[in-house]
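# Examining the three-dimensional arrangement
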Amino acid sequence: MSTEPATYPGYRFPAEVIHHAVWLYHLFSLSLRDIELILVERGVVVSYESIRRWCLRFGTEFAARLRKRRPRPGDTWHMDEVYLRINGELFYLWRAVDQHGVVLDILVQERRNATAAKRFFKHLLVGLKYKPRKIITDGLRSYGVAQREVLPGVRHRTSRYLNNRAENSHRPTRRRERQMQRFKSPGQAQRFLSAHAMIYGHFRPRRHLMTAEQYHRSRDKAFRIWRQETCVQMAA
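Throughout what follows, the structure given in this document is the object of discussion. Just so it is clear, the model here is predicted, and its values are computed rather than measured. (Residues numbered from 1 in each chain as written. Predicted model: local features only at pLDDT ≥ 70, side-chain atom pairs only at ≥ 80, totals over all residues. Heavy atoms only, no water.)

### Some thoughts on the overall build of the protein chain
Of regular secondary structure, the protein chain possesses 9 helices and 5 strands. Taken from N to C terminus, the helices and strands of the protein chain fall in the order α-α-α-β-β-β-α-β-α-β-α-α-α-α. Against the compact-globule benchmark of 18 Å for 236 residues, the protein chain has a radius of gyration of 19 Å, which places it among compact chains. Referenced to the eigenvectors of the C-alpha coordinate spread, the extents of the protein chain come out at roughly 55 × 45 × 30 Å. Buried residues in the protein chain amount to 47% of all 236 residues. With the model as given, the accessible surface of the protein chain reaches about 13200 Å², and the carbon-plus-sulfur share is 51%. Each charge class in the protein chain was averaged separately, 45 positive and 21 negative side chains, and the resulting centres sit 5 Å apart. (Helix = DSSP H or I, 4+ residues; strand = E, 2+ residues; numbered from the N terminus. Rg over C-alpha atoms; globule rule 2.2 N^0.38 Å. Buried < 20%, exposed > 50% of the residue type's maximum accessible area, 1.4 Å probe, protein only. Areas by Shrake-Rupley, 256 points an atom, 1.4 Å probe, with all protein chains shown as cover. Lys, Arg positive; Asp, Glu negative; His and termini not counted. Charge placed at Lys NZ, Arg CZ, Asp CG, Glu CD.)

Here's what the structure looks like:
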C-alpha cells in the first residue's frame, strides 16, 4: 500500500493541504492572507494567490460533491431575497431553505420581479428534482405569481414572521460580504455563495436541537464525508 500523500493532477501540494485551505476559507470569516499565515505556522509555505486559485478551482466542485451526499431536505421551503451592492449597483440574492434551516439553493439576479421569481423557482426545481408540500415567503407579490405558474397545487403562505428561517440564513452571507469588502461581480458572488452555502452548512448542524453525543456524531460524520469527497475520490 502506498504511503505517498494524495495529490490533485497538476498541483504540487498534497490534496490534504488544498482541501484544508478551501475548508478554512468557506467555513470561517478569514481572508486569503489569514489562511496563508495559518498554513505557514503549520510549515506550509504557499502564497495567498495560490490559495485564491485553489478556492476558485475546487470550491464549487467540493460543494457539488457534498450536495449529492446530503439527505433529502424537508417538504416546507422558506424563500427570501436580500439585496447585494456590487460595483455600485443593486442585485438581489434569492435563497431557499427548508424547515430545518438547510440551504437548498441560491441565485443572484438583477431584479426581484415576477420573472426573476419564476427563474429562481425553476432553477431550484432543476437542482432538487422534486416539489415541496408548502412554501413560505414574505409579502413580495412576485412569489405568488411564480407559485401559481411554476408550483401550482403547492400551498403558499405569506408571513414576515414565519419566514425568519430564510432571513436568518442570510447572516453568514453578510459576514462574508463585509470581510471580502463586497463582491466584485454578480458571477463571483454566485460562484462563491453557492459553494459557501453548501460547505458552511455541511459543518453547521442545528446544534441547539442536539444532545452533545448527537452533535459529536454529526460532526464526525461531516468530517468523514468531507475527507472522502475532497481527498480520496478526487485524487484517485
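Still to come is the rest of the account.
### Observations concerning the pairing of strand S2 (residues 89-98)
Of all 10 residues making up S2, 8 are buried, and the element is well covered by its neighbours. As paired strands, strand S1 (residues 76-86) and S2 are joined by 10 bridges and run antiparallel to one another. Each bridged residue has a counterpart across the sheet, and for Val82 the counterpart in S2 is Leu93. Linking S1 to S2, which pair antiparallel, is a turn of 2 residues; within it Asn87 sits at a positive phi near 50°. Across 6 bridges, the pairing between S2 and strand S3 (residues 103-109) is antiparallel. By the bridge assignment, Trp94 is partnered in S3 with Leu107. If you look at the hairpin formed by S2 and S3, you'll find 4 residues sitting between the two strands, and Gly101 has a positive phi there, around 90°. (Pairing = 2+ DSSP bridges.)

### Topic: the packing of aromatic side chains
Within a pair of aromatic rings, the relevant descriptors are the distance that separates the centres and the angle that separates the planes. Applying the stated criterion across every chain yields a total of 18 aromatic pairs. Ring geometry for Tyr8 against Phe62: centres 6.5 Å apart, planes inclined by 55°, an arrangement best described as tilted. Highlighted residues: Tyr8 in the segment before helix H1 (15-27) and Phe62 in helix H3 (residues 48-69), separated in sequence by 54 residues. A residue is classified by how much of its surface remains accessible, and Tyr8, at 2% relative accessible area, is buried. Relative accessible area serves as the criterion here: at 0%, Phe62 is assigned to the buried category. Note on Trp23 and Phe223: the rings are 5.9 Å apart at their centroids and 55° apart in plane angle, and the pair reads as tilted. With Trp23 in helix H1 and Phe223 in helix H9 (residues 212-235), the pair connects residues that are 200 residues apart, well separated along the chain. (Phe/Tyr/Trp six-rings, centres within 6.5 Å; stacked < 30°, edge-to-face > 60°.)

### A look at helix H8 (residues 186-202)
For H8, spanning 17 residues, the distance from its first C-alpha to its last is 24 Å, which sits close to the expected 24 Å at 1.5 Å a residue. For H8, the buried fraction is high: 12 of the 17 residues fall into the buried class. Every buried residue of H8 is accounted for by Gln188, Ala189, Gln190, Phe192, Leu193, Ala195, His196, Ala197, Met198, Ile199, Tyr200 and His202. (Expected span 1.5 Å × (residues − 1).)

### Description of a positive patch on the surface
A cluster of basic residues, Arg171, Arg175, Arg178 and Arg204, forms a positive patch on the protein surface. Along the chain, the position of Arg178 falls in helix H7 (residues 171-179). (Patch = residues over 30% accessible without salt bridge, like charges linked within 9 Å, V, L, I, M, F, W, Y side chains within 5 Å. Salt bridge = Lys/Arg side-chain N within 4 Å of Asp/Glu carboxyl O.)

### A closer look at the sheet that holds strand S4 (residues 134-137)
The sheet built from 5 strands is open, its strands ordered S3-S2-S1-S4-S5 with mixed pairing. The open sheet is flanked by S3 and strand S5 (155-158), the only strands paired with a single partner. On average, adjacent strands in this sheet sit at an angle of 25° to one another, irrespective of strand direction. H7 rests against S1 and S2 of the sheet, and its axis sits at about 15° to S1. (Axes fitted to C-alpha atoms, helices over the stretch in contact; angles between N-to-C directions. Contact = heavy atoms within 4.5 Å.)

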